[in-house]
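Structure assessment
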Number of protein chains: 4
Amino acid sequence: MISFENDYNVGTHPAVLRRLEETNLAPQPGYGEDDLCRLAAEKIRAAIGCPAAEIRFLVGGTQTNQIAIAGLLKSYEGVLAAETGHVAAHEAGAIEHSGHKVLTLPSHEGRIEAAELRAWIERFYGDAAHEHMVFPGMVYLSHPTEYGTLYSLGQLEAIAAVCWDYRIPLYLDGARLGYGLMSRGTDLTLEDVARLCDVFYIGGTKVGALCGEALVFPRGGMPEHFTAVVKQHGGLLAKGRVLGAQFDALFTNRLYFEISANAIDKAEKLKKLLHERGYAFFLETPTNQQFLLLDDARAAALAKRVRFSFWEKPDAEHTVVRLCTSWATTDEDLAALAEVL
Amino acid sequence: MISFENDYNVGTHPAVLRRLEETNLAPQPGYGEDDLCRLAAEKIRAAIGCPAAEIRFLVGGTQTNQIAIAGLLKSYEGVLAAETGHVAAHEAGAIEHSGHKVLTLPSHEGRIEAAELRAWIERFYGDAAHEHMVFPGMVYLSHPTEYGTLYSLGQLEAIAAVCWDYRIPLYLDGARLGYGLMSRGTDLTLEDVARLCDVFYIGGTKVGALCGEALVFPRGGMPEHFTAVVKQHGGLLAKGRVLGAQFDALFTNRLYFEISANAIDKAEKLKKLLHERGYAFFLETPTNQQFLLLDDARAAALAKRVRFSFWEKPDAEHTVVRLCTSWATTDEDLAALAEVL
Amino acid sequence: MISFENDYNVGTHPAVLRRLEETNLAPQPGYGEDDLCRLAAEKIRAAIGCPAAEIRFLVGGTQTNQIAIAGLLKSYEGVLAAETGHVAAHEAGAIEHSGHKVLTLPSHEGRIEAAELRAWIERFYGDAAHEHMVFPGMVYLSHPTEYGTLYSLGQLEAIAAVCWDYRIPLYLDGARLGYGLMSRGTDLTLEDVARLCDVFYIGGTKVGALCGEALVFPRGGMPEHFTAVVKQHGGLLAKGRVLGAQFDALFTNRLYFEISANAIDKAEKLKKLLHERGYAFFLETPTNQQFLLLDDARAAALAKRVRFSFWEKPDAEHTVVRLCTSWATTDEDLAALAEVL
Amino acid sequence: MISFENDYNVGTHPAVLRRLEETNLAPQPGYGEDDLCRLAAEKIRAAIGCPAAEIRFLVGGTQTNQIAIAGLLKSYEGVLAAETGHVAAHEAGAIEHSGHKVLTLPSHEGRIEAAELRAWIERFYGDAAHEHMVFPGMVYLSHPTEYGTLYSLGQLEAIAAVCWDYRIPLYLDGARLGYGLMSRGTDLTLEDVARLCDVFYIGGTKVGALCGEALVFPRGGMPEHFTAVVKQHGGLLAKGRVLGAQFDALFTNRLYFEISANAIDKAEKLKKLLHERGYAFFLETPTNQQFLLLDDARAAALAKRVRFSFWEKPDAEHTVVRLCTSWATTDEDLAALAEVL
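Keep in mind that what you see is a predicted model, and the values were worked out from it rather than measured. (Residues numbered from 1 in each chain as written. Chains lettered and ligands numbered in written order. Predicted model: local features only at pLDDT ≥ 70, side-chain atom pairs only at ≥ 80, totals over all residues.)

1. Re the packing of helix H2 (residues 35-48) of chain B against helix H11 (residues 241-250) of chain B
All names here are of chain B. In plain terms, the rule: Only the contacting stretch of a helix is used when fitting its axis, a line to C-alpha atoms as for every element, and angles between N-to-C directions run 0 to 180 degrees. Each helix corresponds to a stretch of at least 4 residues labelled H or I by DSSP, and each strand to a stretch of at least 2 residues labelled E; elements are numbered beginning at the N terminus. Here is the rule for handedness: rotate from the far helix to the near one, and if that takes an anticlockwise turn smaller than a right angle the crossing is left-handed, while a clockwise turn gives right-handed. Working definition of a contact: two residues with C-beta atoms, positioned from the backbone, lying within 7 Å. Each residue receives one of three labels: charged for Asp, Glu, Lys and Arg, nonpolar for Ala, Val, Leu, Ile, Met, Phe, Trp, Tyr, Cys and Pro, and polar for the others, Gly being one of them.
At a minimum axis separation of 7 Å, H2 and H11 run at an interaxial angle of 35 degrees. Handedness of the H2/H11 crossing: left-handed. Two secondary-structure elements touch here, H2 through Leu 36, Cys 37, Leu 39, Ala 40, Lys 43 and Ile 44 and H11 through Arg 241, Leu 243, Gly 244, Ala 245, Phe 247 and Asp 248. Residue classes in the contact of H2 with H11 are distributed as 8 nonpolar, 1 polar and 3 charged.

2. Brief notes about the interface of chain A and chain D
Much of the literature gives interface size as the accessible area that the parts lose upon coming together. Between chain A and chain D, the residue contacts involve 42 residues of the former and 42 residues of the latter. Only helix H1 (14-22), helix H3 (61-72), helix H5 (94-97), helix H10 (226-232) and helix H11 (241-250) of chain A provide two or more residues apiece to the side of chain A that touches chain D.

3. Structural notes on the sheet that holds strand S13 (residues 318-324) of chain C
All names here are of chain C. Keep this limit in mind: Paired strands are those between which DSSP finds at least two bridges.
An order of S9-S10-S13-S12 is seen for the 4 strands of this open sheet, with the pairing classed as antiparallel. The sheet is open, and its two edges are formed by strand S9 (281-283) and strand S12 (309-315), each paired on a single side. Going from strand to strand, the sheet's axes swing by 35 degrees on average, the running direction of each strand aside. Here 7 bridges tie strand S10 (residues 289-295) to S13, and the two strands are oriented antiparallel to one another. Looking at the pairing, Leu 293 lines up with Val 320 of S13.

4. Remarks on the nonpolar core
Nonpolar side chains tend to gather and get buried jointly when the protein is soluble and globular. Just so we agree on the cut-off: Here, a nonpolar core denotes buried Ala, Val, Leu, Ile, Met, Phe, Trp, Tyr and Cys residues that are linked to one another through C-beta atoms within 7 Å. Burial is judged by counting other C-beta atoms within 10 Å of a residue's own C-beta: 20 or more means buried, 12 or fewer means exposed, and anything between counts as partly exposed, with every C-beta placed from the backbone.
Val 216 of chain A, Val 216 of chain B, Val 216 of chain C together with Val 216 of chain D are the most contacted members of the largest nonpolar core, which totals 428 residues. Excluding residues that lie within four positions of it along the chain, Val 216 of chain B makes contacts with Ile 44, Ile 48, Ala 53, Ile 55, Val 199, Phe 200, Tyr 201 and Ile 202 of chain B.

5. Quick look at the interface of chain A and chain B
If you look at the interface, chain A gives 17 residues, while chain B gives 17 residues. Here the side of chain A that touches chain B is composed, by residue class, of 8 nonpolar, 7 polar and 2 charged.

6. As for unusual backbone geometry
Across the junction of His 143 of chain A and Pro 144 of chain A, the peptide omega takes the value -10 degrees, indicating a cis bond. On the secondary structure map, Pro 144 of chain A appears in the loop between strand S5 (135-142) and helix H7 (153-166). Within the chain, Tyr 31 of chain D stands out as a residue other than glycine whose phi angle is a positive 60 degrees. Position of Tyr 31 of chain D relative to the elements: it lies in the loop between helix H1 (14-22) and helix H2 (35-48).

7. Comments concerning the relation of the copies chain A and chain B
Worth spelling out the cut-off: Least squares is used to superpose the copies, and the fit set is the C-alpha atoms of residues whose pLDDT is at least 70 in both copies.
Overlaying chain A on chain B yields an RMSD of 0.0 Å, the required transformation being a rotation through 180 degrees with an accompanying axial translation of 0.0 Å. Expressed as an axis order, the relation between the two copies is that of a two-fold axis.

8. Looking at the domain arrangement of chain A
Residues and elements named next belong to chain A. Quick note on the threshold: Throughout, the edges of the domains are those of an automatic or database domain assignment.
The domain architecture assigned to chain A consists of domain 1 (2-7 + 256-340) and domain 2 (14-254). The centre of domain 1, based on its C-alpha atoms, is set 27 Å off from the matching centre of domain 2. Tallying the contact residues gives 16 residues for domain 1 and 22 residues for domain 2. Split by residue class, the side of domain 1 that touches domain 2 holds 9 nonpolar, 5 polar and 2 charged.

9. Points about the relation of the copies chain A and chain D
The transformation that overlays chain A on chain D combines an axial shift of 0.0 Å with a rotation of 180 degrees, and the residual RMSD is 0.0 Å. Most of the interface of chain A is mirrored in chain D: 100% of its interface residues are interface residues there too.

10. Quick word on the sheet that holds strand S9 (residues 280-283) of chain D
Residues and elements named next belong to chain D. Taken in spatial order, the 4 strands of this open sheet run S9-S10-S13-S12, and their pairing is antiparallel. Every interior strand has two partners, whereas the edge strands, S9 and strand S12 (309-312), have only one. The sheet shows a mean angle of 45 degrees between the axes of neighbouring strands, direction not considered. Contacting strand S10 (289-295) and strand S13 (318-324), helix H12 (residues 255-276) crosses the sheet at an angle of about 20 degrees to S10. Of the strands in this sheet, S10 and S13 are in contact with helix H13 (residues 296-303), which crosses S10 at around 120 degrees.

11. A few points about the environment of Ile 2 of chain B
Residues and elements named next belong to chain B. Mapped onto the elements, Ile 2 comes out in strand S1 (residues 2-3). Taking the C-alpha atoms as reference points, Ile 2 and Glu 42, separated by 40 residues in sequence, lie 38 Å from one another. Residues in contact with Ile 2, not counting those within four places in the same chain, are Val 306, Asp 333, Ala 336 and Leu 337.

12. A closer look at the confidence of the model for chain A
To keep it simple, the criterion reads: Note on scores: pLDDT gives the predictor's confidence for each residue, bounded by 0 and 100.
For chain A, mean pLDDT is 97; residues scoring 70 or higher make up 100% of the total. Scoring of the predicted complex yields 0.97 for pTM and 0.97 for ipTM.

Following this line, the structure appears as structure tokens:
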């Protein structure tokens, strides 16, 4: 059955597999001290325009969020996030397991707003009893958000300005960063992300890798003894080379950007097709995730012919479903979908 | 200066001090194995009508919440509470420090609603991805709430019914339980609380003790090796007798209820006085906490003559303040207040 | 039955009760911001000769250790302690519950040795894989130790020198500090403790208080937002005055030292009595705890007439028992004991 | 330079890479619900002779230990391990980070002994104050141990008997399990491991995979909602297929056993070579790790021509080094080593 279920339903880009293969039998030091991690980090530094960036390769998104947050927060601090943010809603309490509260802000199609963030922090410090509360120790946002939406450059600058005023680090979860950067309407570049955030990660798992995320401290400042922090969270791969080789391939000849652009290209065609067929959008987005509002019978019928994600039940008769394109989506996939819509 | 600041601004009822004194030099075993804890527990069992109840005396409210929750939840479970609940807002992340998320429900003047609770749980189990989320492992409510409001018998029964349907333990934070039970309009008795909750605590700190809360498992079921859990959280007093003696005094000759009734009596007089003087209530409650809406100048002037708590700023020109009565409030205090209002 | 079971088997010194009584009904701010805590802290600053000391009153020993350690360590750090240290052996995993490993050193009648400490740290930093291990973030020692033994000034200076060389904070658990300071042979003063340690606590629970320990940062440096850390661990008393009043009484007119001296005086008489009666010591100590080696029949017979603590079974026929004096032991207690020995 | 540094210095067996390649573009469900994980689990069930086994694929060894332990222990329980066990010494506090103490037993060339285990548990339960201590909630052992040594069938049966008597789960860390099973002298089979342990893992990372460990509950009993536990620890791979494909390849046509046997074959040749050349063994083992005692000059000279691991400094003039063979070691590697020895 054709699948638009998510952006991690197939393996990896052939160039990534090839890099794993061609480096497979060369002995390398363990734990990320290998040449492949070193090479990959250099290429990422060049791509983000930050020669002093410190970079650590980790395995998955939840792990990366957990380690970045635990590594940067003091014990009495929490992380501010949209109530729909991945760390707030879909990590099974990974952040709380490390002892930190996720403090929530309203979600605007997945985004937080600078003014609401500032108001929250002002209210916090204005409260005489704030030492009985969890301190804001980090601002978390995802770009694209969990709803496929994007921050504009202006929006991110406004949030970064609040963070700067209160000296709160700004962290960007880039699980799908490539799809955001290649989106047609965006005015936010990778260099902007690196300039405005204190730490962010470039997602591999959902953008063409088998697994792996690159955690970036663009101006340095990786927490001291970060290897111990990573190890303590079970995130230190003996064969760090597996992550290094993948990111080395993804950041050679702009592969990461090209395959991200493919997902956007296919998403634009998908949106066009859905509009032509008269589908109602619950949320039409500029990235690779599209949300449709279907009546239940239609949703059930369609589910027999194409794989997609059930998202939510807005009322008793309707269902919101998500269709995803990815780095791997082909025109053939779209043609097959056109047959069944 | 006269003080209506809170219900823990003076020491303890003289009968409690007397009990500490008269038992002071008799050798007793440590760690809550003493005769005083045993006696106090027996009197509480009688008061709640639960001969099989298991009871543990702890030092303070946050500690009691933390230990009760950590003792009952599995690692992947969180506790459902009103977003204004003490565990959600004012414990500096004590629950998260033990690894558990506080899952929030809307607050209705401090209360949660059974229908919203049921809807939350149904949505949780209806979500195909719920194993990526924090499981609901307990329902927390405070009675009186942080806003001085109360659950009716019907409301508590409805919440307990939801908990029962999903086999989720119901926990009641009774930091000010006495004031709720002695409230004039309430139809909820201590026996009801014991019948409907799986675990609750009878607050001492805010109802006449120097310190101490009695954590009650009305039908038994105290977690195995609970002493170790308490010790692990730093909550095991070497001289448990200090807590036992206090609760022994409080549950002798219904002292706990009588001094709670005094706070209600004084609160009723306070409300009458405030109405007579034309004060606007932000929230008028049936218990010992009253919330006034003052313009800022009035609030500032009043603050020079009486101690109260600043609660919040609803807008640029007004302030919400809280005035509390307690077990210790006297008619002289009210007369002195009448002078300055 | 007469009791030499432990040093927390009776309540509190009458002067402490009196101070609670005479301050009982004066309104005071909550959470340790009261006049009594302020007064007590001033008196302690004078007693230790450190005008810049920062002091926080907490409820019990395990709680104090847990909070001091969690407040000072980074997430990847552990605390070095004797394998018999309270934090290592008898706190039900309170330190690990806060995420920190207790790293153990050999115990020499309860003490650690400076040379072994230095060797441990050198081996740690000499190991190429030390980022895969728990970093030494604090040195913990108890004085008196769990075996009633004491550090000499020279021993403590040597340990402090190692800590200084590696910039590792030195923490002293003074649950029974008074008994150590009043010991007849000691050359270690309270001023020495304050000079050599980065943080320590003056125990109240076992030296005449109902409950309470004074955590002291002799040269300041209390962790930022320490109130939040204390709250997060469930250690913040609403009526902090209860602790303040007790330490105020204990540090008025050198009461703490006088009642500690009583325990030593009675311990010296106890040792003399035991020697006269031909008892074999397992460990004879300069403080208030004495350890006897009894054959099992003798231990069982004695247990019918006097309360003491069973300590351990060194072999199949013998039992080690502990007899404690305390601030409250009287000559009548000793006379009664002489009858049954 | 030739490398005998460790058993994870090259990538993966070509058959594993091939399996990743040939399954690469087939859409599969995420999070371990894919056909490859299903197939791999079936093959492992067959290999261990336990049709009811429940199996979960995780990424690395520390992560697997952390999740298995956290998933099975109650909050007040710890894990008993040799003081040299990986969880005790080399996981940067990952176990403590999850709130659990590692309780240590003496190491006998890496092994624990049944009699010492039983004595520890008896002493624990015999101590009247054991509720002030960390309960033994699991017994951990590694096979092969961190020193390359092995348990005999009789030794493992004796340990399992103690565990059974006290109903404490027995957990075996099989990071290098293949090398243990293929060792020439061993009388312990994979079926024995599955029969005697409650949970164990079959290591992939050090035995031919890129990454991945198979956590096995041979008679079922995987903790409820284990996916949530895994997710909470950051261990849930979106593309679980990556692990499934690797273990599918490793357990097809006994590949796992054959490549393990290669490491043993090469280790036997290595030992012979070392003996011929007159090298002194610090520890000669029946598996793929060999420990030599070299004088420092010799160690330094050798380090210029072959990569190995520095292990420890037994005295001022000598160094213990480790040489490892692995699934990938070739006769050419040994010939090259022979040149430089």
